[in-house]
Structures are given as C-alpha cells and as structure tokens.
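The residues making up each chain are set out below.
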Amino acid sequence: MLTTAILPVILVSCSRGPQYPAVLETADSLSYVNPDSAVALLRSVEAEMSASQPAVRHFYDLMTLKAQDKADLPLTSDSLILDILQYYEHGGDPNKLPEAYYYAGRVYSELGDAPQAIDYFQKAQTSLNELNLQKLPIANAKRYEKLKGTVLAQKGYLLRNQHLYKEAIESFRQAYKIDSLACDTMGMFLDLQDIGGVLQVARNNEDAIHFYDLAAQLASLYSDNLNLDDLIAQKCHCLIRLKRFEEVAEILQLFHPQMTRGNFEPICTMFGEYYWKIGESENAVPYFKKLYEKGSIYARSNSTLWFSDYETKRGNAKAALRYMAEFSKLELEVRKLRDEEVVALTNSLYNYHLREQENLRLKAKQEALKSRLRYLSIIAVLLVIVLIYIFRYERNRRRNLASRYKQLQYLLASMQADKEKRQSVVDAGMSALRSSDTYQMIIEKCRNGKELKPEEWKMVEQTLQKCLPVFLTNLKGVYDFSEIEWKASLLMKFGFSVNDIAVAVSRSNDAIYSLRARLYKKALHDDSGFNSWQDFIDSL
C-alpha cells in the first residue's frame, strides 16, 4: 500500500527532471554559433554555479567543457570529465549522459589516449541509441540526432589515426547515413570527404577520387558556401599519384584557392608535386619554399629532400649537400616524434587494458553483490510468504479447533441431557449392526486375513447410516479424520477388536493402538469424561 501511494509521486517528479538556469541553456545554444562568447558567459557565472545544487553544478561543468572544445581551447586534464561522468552514471539526468560520454571521448582524444577515447565514443553511441528522443523537446531531439553523426565521425578520425582504415570507413559511412536522415548537407559533405581521406591515406586513390567527386557534387547541388579548396587539393594529390597529369592540369586552370593557415600545406604540396612531376621544377620552387619556411616538421623534411634533388640537378653540389644534411637532421626529429607516438600509443593501450581489467573486476564484484542481494531478496520474500502461510494456517487451525470444541461440547451436552433415551436408540442400532450382512462380511474377511475393498467400505458406511442415522454426522463434526483414522473408527463402532481392524485396513496392531491413542489426544479434551477413544465411539 505504501509503494502504491508513493510511486505516482516518484514517477511525476522523475518525469519533470531538474530545472536548469536559463544562463546555462543560453550558453549551450551559444556554443554552437559563437563558442568564445559561450566560454566568456560561463566564466562570468562560475562562482554562482559552483555553489548551486549538484544537478546544476555538473551541467555547468559539462557546458564549460563543451564550450572550450568548440572554441578549440586545449583540454589538458581528465579530472573534470571524470567527476561529471561519476555524477551522470550514478543518478544524474540520464538525458545528459550521451554528451558526457562524448566529451569524455574528446578529452581523451586531446590527451592522446585513443583506446580510451574510442571506448567513450562507443558508450556515447550506445546511450544515444537508448535515448527516447520523442520525449524531448524538438530542438534537443535534433541536437542529439546531430550528435550521433558527430560521435561516429570523431570515432572515425581516431580509427584512421590508429591505421584501422576499414573500421574508420565504416564509422564515416554510418555518420553519413545519420546525417542524410537529418538532411545535414554540411555533415554529409564532410563524411564523404573523410571517407575519401581515409582511402587516400590507405593508398586507394581511385576510390578516394570517387568519394571526393561525390562530395563536390553534393556541395554544388545543395550548398554554395562550402570551401572546396582542400577537397580539390586532396583529389589532385590522388591524381598525381596515379600520374593523371592532364586531369590535374584541367582542374588547376580553374583552381584559385584561398590560402589559409589550415589548408596551405596540402595546397602547396599539391602544386609543388604537380610541377615537379611534369618537369617544371622552377614553378615548384615557391611552393616547396613556403613549406620549408612555414610548414610542419614533416613538410619541412619533404621539402629539404626535394631541394637537395633540385640543387643536384642544377649542379650545385654544395647546396645539395647542405639540404641533405638538414634532411637527415629533420628525419631524426621525425623519427623521434614517431617513436614517441608509438610509445604513447603503447602506453595508452597498456593503461587502457589495465583500466579495462579493473573495470571488469569491479563489474564482476558488483554483479556478485547484485546476485547476493537478489538471492537474499528472494529468500526474504519466501520467508515472508512462509510466515504468512504459517500464520493463516495457525489461525484457521485454531478456528477449526474452537469450532470443533464447541460442537463437541454441544454433542456431549445433548448426550447427557437425554442419556436414557439415547442409550436405548444406540443399543437398538448396535443390535441391528451385529445382525447385518455387512457385519458378517467383515468377520469373514478378517478370518481369511483379507483387506476390505472400496465398495465394501461403502457398504460399511451405508449400514451405519441405516442402523445409526446420527452416528456418521456426529463423528464427522468431532475431528478432521484421515482415511485410515476414519475407517478404523467405523470398525470400532461395529465392535471389532484391534486385530480384526488391523487386518481390515492392512495395518499392524501397534499402528491401530497408536491411532486410537492419537485420536483420543487430538479430538477429546481432558474433561470430556471418556477413558479412551473406543469409549467415546461406543457412546455415539
């Protein structure tokens, strides 16, 4: 009854969920369009949010991580996200858990722990699939649908960096499917470009070109504000590898890229390699020079090697040797970085396996505890049921005993009230019993040592009913007889000995003696006035 009373209140309170300050909802929306402003807004209310209730404080922390990530601010520690996960995994707003898992993946991606990041992205994917989006506001539901594609894309980048190209392509394909259902043109464009990028890294240039063309077609059909410079550069790079220089030349005639800090390396590499491959080394110089001066260590290493070859062909041995020496120096640094990456990856894998082992140990311990609690609960329920049954059984037994006691008292009182007349009726009935065919049949059976058959027991009851009409009724009201007890009592009324009764019911003499004593003890009380069960039977 208590559970029935409080359950609706619990369900109503759970359905409403926590109420968050409007400033956090504003920061959440602002992080998509102007993340720098979202970061500034969240910092302005930090003191107030830190003193708030746990639901608000953890949502504030999650929004802070989200805004920092979208503003490209470095995520240098996992302490905050671990606290957020601890809260949302153990009773916080379940609608926030998918984002918490996603930003845990982003944090570990920034920390270089790819296995842990992939694991959290997988958890985000699972929790998003379990989320009932129909119960959320339309804006939030669309945001979570978009998050599904983003999670898969981020997972694809990590898989590509781990050289798991097949798995990365599958992840980007799933992201494309989700973005297609959401009619997200930008997401679809990036997914196709990412698939082409994985194929390009895997040296599958023909297929990479196919996906680059699909992305370009999508951009031309549905959007005019996409920057295709990087896409064109990547496609041309694949064509150069395939030595399809005429196609590259046709593309470059109309290609006027807008060089930015983010895309100058692939564009300069594409122009430099193209001119180098077709024999126009002088045209390649400006591009390799820019790579040499402003590029990454990998770009500088490649450009020094090219300049060494370039100076050798020009007959400038001294300059060629200088570039070759610098190339050797840069290659040592590149090798060192790659070794560090391998060590970091090995350490992250090792730490990931340690964490997985600990998680499995804790999970097994938790499952054992749950099983123990489950068994204890079942035992407790069974004990309660048994106790209820015992209580009801005892209550009914006492009621029956009280009822039978009253009935016995009434019977005894009626027997005493009209003792002489009753005795004459009993004597006449007993005379009729002993002269009946049933009595003779029983004697014959006992002499031959044979047990009475079911139809013969019916004759016994019919004879008793005929000769002593009230005997059976009075006897049934005294006690709840078993089959053997009932049969023995009937034969006792006929006046048969213990030996004959034992033969008729197929029991030993000791069993009949024990039966009479037990019936006297159970059915009669001490002040009944009878010396034995036989004495009581004779009086009925």
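Fair warning: this is a prediction, and the values are worked out from it, not measured in the lab. (Residues numbered from 1 in each chain as written. Predicted model: local features only at pLDDT ≥ 70, side-chain atom pairs only at ≥ 80, totals over all residues. Heavy atoms only, no water.)

**Let's talk about the overall build of the protein**
Move 1: When helices and strands are counted, the protein shows 26 helices and zero strands.
Move 2: Classification of the 540 residues of the protein by burial places 39% in the buried group.
Move 3: When the accessible surface of the protein is totalled, it reaches about 32,000 Å², and 54% of it is carbon and sulfur. (Helix = DSSP H or I, 4+ residues; strand = E, 2+ residues; numbered from the N terminus. Buried < 20%, exposed > 50% of the residue type's maximum accessible area, 1.4 Å probe, protein only. Areas by Shrake-Rupley, 256 points an atom, 1.4 Å probe, with all protein chains shown as cover.)

**Quick word on the packing of aromatic side chains**
Move 1: Applying the stated criterion to the full structure yields 28 aromatic pairs.
Move 2: Among the aromatic residues, ring-to-ring pairing joins W276, F288, Y292, W306, F307, Y310 and Y323 into one connected group.
Move 3: Over the face of the ring belonging to Y323 we find R322, whose NZ or CZ atom lies 4.6 Å from the ring centre. (Phe/Tyr/Trp six-rings, centres within 6.5 Å; stacked < 30°, edge-to-face > 60°. Lys NZ or Arg CZ within 6 Å of the ring centre and 35° of its normal.)

**Quick notes on a nonpolar patch on the surface**
Move 1: On the surface, L369, L373, Y375, L376, I378, I379, V381, L382, L383 and I385 cluster together to form a nonpolar patch covering roughly 970 Å² of accessible area.
Move 2: If you trace the backbone, V381 turns up in helix α18 (residues 317–417).
Move 3: Of the residues examined, V381 reaches a relative accessible area of 48% and is grouped as partly exposed. (Patch = residues over 30% accessible without salt bridge, like charges linked within 9 Å, V, L, I, M, F, W, Y side chains within 5 Å. Salt bridge = Lys/Arg side-chain N within 4 Å of Asp/Glu carboxyl O.)

**Focus on the packing of helix α23 (residues 483–494) against helix α25 (residues 509–523)**
Move 1: At a minimum axis distance of 11 Å, the contact between α23 and α25 shows a crossing angle of 95°. Taken together, α23 and α25 sit at an angle that is classed as roughly perpendicular. In contact with I484, E485, A488, S489 and M492 of α23, α25 contributes L515, R516, R518 and L519.
Move 2: Class assignment for the residues of the contact of α23 with α25 results in five nonpolar, one polar and three charged. (Axes fitted to C-alpha atoms, helices over the stretch in contact; angles between N-to-C directions. Parallel < 35°, antiparallel > 145°, perpendicular 65-115°, else oblique. Contact = heavy atoms within 4.5 Å. Nonpolar A, V, L, I, M, F, W, Y, C, P; charged D, E, K, R; others polar.)

**Observations concerning the pattern of salt bridges**
Move 1: Tallied over the entire structure, the rule returns 16 salt bridges.
Move 2: One salt bridge in this structure joins E145 and K148, with 3.9 Å as the shortest N-O distance. Here E145 pairs with K148, and both are found in helix α9 (residues 138–161), just three residues apart, close to one helical turn.
Move 3: Look at E145 and you get partly exposed, because its relative accessible area is 30%.
Move 4: As a salt-bridge pair, E311 and R314 come within 3.8 Å of each other at their nearest N and O atoms.
Move 5: Classification of E311 by relative accessible area gives buried; the value is 9%.
Move 6: If you follow the salt bridges from partner to partner, you end up with D28, K66, E99 and R143 in one network.

**A closer look at the packing of helix α7 (residues 97–110) against α9**
Move 1: In the contact formed by α7 and α9, the axes pass within 11 Å of each other and the chain directions differ by 25°. Looking at the two axes, α7 sits roughly parallel to α9. The two elements α7 and α9 meet at a crossing, and its hand is left-handed. Contacts between α7 and α9 involve P98, E99, Y102, R106 and S109 on the former and, on the latter, Y144, L147, T150, V151, Q154 and L158.
Move 2: Classifying every residue of the contact of α7 with α9 by side-chain character gives six nonpolar, three polar and two charged. (Left-handed = near helix turned anticlockwise from the far one by under 90°.)

**What about the environment of A523?**
Move 1: Its place among the elements puts A523 in helix α25.
Move 2: A sequence separation of 42 residues divides A523 from F481, and the C-alpha atoms of the two residues are 9.7 Å apart.

**Thoughts on helix α2 (residues 22–33)**
Move 1: The first and last C-alpha atoms of α2 sit 17 Å apart over twelve residues, in line with the 16 Å expected at 1.5 Å per residue.
Move 2: On its buried face, α2 sits against α3 (35–44), α4 (46–50), α5 (54–70) and α9. (Expected span 1.5 Å × (residues − 1).)

**Looking at unusual backbone geometry**
Move 1: One non-glycine residue with positive phi stands out, namely D72, at about 60°.
Move 2: Following the sequence through the fold, D72 ends up in the loop between α5 and α6 (79–89).

**Overview of the nonpolar core**
Move 1: Core analysis: the largest hydrophobic core is formed by 88 residues, its most contacted members being I81, L252 and M270.
Move 2: Setting aside residues up to four positions removed in sequence, M270 forms contacts with A233, C236, H237, I240, L252 and F255.
Move 3: Counting 42 residues, the second largest nonpolar core, distinct from the first, contains L433, L464, L468 and F471. (Core = buried A, V, L, I, M, F, W, Y, C linked by side-chain atoms within 4.5 Å.)

**Concerning the environment of Y101**
Move 1: Structurally, Y101 can be placed in helix α7.
Move 2: A sequence separation of 17 residues divides Y101 from I84, and the C-alpha atoms of the two residues are 9.4 Å apart.
Move 3: Ignoring anything within four residues of it in the chain, the contact list for Y101 reads L85, E89, Y120, K123, A124 and S127.

**Looking at helix α21 (residues 454–467)**
Move 1: Compared with the 20 Å implied by 1.5 Å per residue over 14 residues, the 20 Å span of α21 between its first and last C-alpha is a close match.
Move 2: Of all the positions in α21, only E456, W457, V460, T463, L464 and C467 are classed as buried. Projected down its long axis, α21 carries its buried residues within an arc of 120°, all on one side. With respect to the buried face of α21, the exposed residues turned more than 90 degrees away are P454, K458, Q462 and K466. (Arc of directions from axis to C-beta.)

**Focus on the confidence of the model for the protein**
Do not read the fine detail of predicted coordinates wherever pLDDT is low.
Move 1: Taken over all residues, the pLDDT of the protein has a mean of 83, while the share at 70 or more is 86%.
Move 2: The low-confidence segment residues 1–16 (pLDDT under 50) makes zero contacts with residues lying over four places distant or belonging to another chain. (pLDDT = per-residue confidence, 0-100.)

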